[in-house]
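Below are the chains, spelled out letter by letter.
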Amino acid sequence: MVEIGNYQMAIDLLCCHLGLTEDEAKQQLGISTEKQAEKTITDKERHAVVGMSEEK
């Protein structure tokens, strides 16, 4: 996991100059919080289960 503090200046610049939200800026930089990573994993698991149930 990347330390977000190391990228805070870049995040701030993207937010201020491009009008991005903090989450959008982090996404543009290829970094995310642990909570976002967990949500992504959960979403992928959900899609896999739905896909398996539709195959029948």
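Residues numbered from 1 in each chain as written. Predicted model: local features only at pLDDT ≥ 70, side-chain atom pairs only at ≥ 80, totals over all residues. Heavy atoms only, no water.

What follows concerns the overall build of the protein chain. Looking only at helices and strands, the protein chain has 3 helices and 0 strands in total. Counting only residues that meet the buried cut, the protein chain has 11% of its 56 residues in that class. (Helix = DSSP H or I, 4+ residues; strand = E, 2+ residues; numbered from the N terminus. Buried < 20%, exposed > 50% of the residue type's maximum accessible area, 1.4 Å probe, protein only.)

Further remarks concern the state of the cysteines. Enumeration over the complete set of coordinates arrives at 0 disulfides. You can see cysteine 15 has no disulfide; the closest cysteine sulfur is in cysteine 16, sitting 6.6 Å from it. (Disulfide = S-S within 2.5 Å.)

A separate point is the packing of helix α1 (residues 8-18) against helix α2 (residues 22-29). Taken N-terminus to C-terminus, the directions of α1 and α2 make an angle of 120 degrees; their axes are 9 Å apart at the nearest point. When the axes of α1 and α2 are compared, the pair comes out oblique. For the pair α1 and α2, the crossing hand works out as right-handed. Residue-level inspection shows Ala10, Ile11, Leu14 and Cys15 of α1 in contact with α2, the latter providing Glu22, Ala25, Lys26, Gln28 and Leu29. Its residues placed into classes, the contact of α1 with α2 shows 6 nonpolar, 1 polar and 2 charged. (Axes fitted to C-alpha atoms, helices over the stretch in contact; angles between N-to-C directions. Parallel < 35°, antiparallel > 145°, perpendicular 65-115°, else oblique. Left-handed = near helix turned anticlockwise from the far one by under 90°. Contact = heavy atoms within 4.5 Å. Nonpolar A, V, L, I, M, F, W, Y, C, P; charged D, E, K, R; others polar.)

If you trace the backbone, leucine 14 turns up in helix α1. By relative accessible area, which is 18% here, leucine 14 ends up buried. Through-space distance from the C-alpha of leucine 14 to that of lysine 26 is 9.0 Å; in sequence the pair is 12 residues apart. When near neighbours in sequence (up to four residues on either side) are disregarded, leucine 14 contacts Gly19, Leu20, Ala25, Gln28 and Leu29.

Okay, the pattern of salt bridges next. For the structure shown, the criterion picks out 1 salt bridge. Linking lysine 26 and glutamate 22 is a salt bridge whose minimum nitrogen-to-oxygen distance equals 3.3 Å. Here lysine 26 and its partner glutamate 22 are both found in helix α2, 4 residues apart, which amounts to about one turn of the helix. (Salt bridge = Lys/Arg side-chain N within 4 Å of Asp/Glu carboxyl O.)

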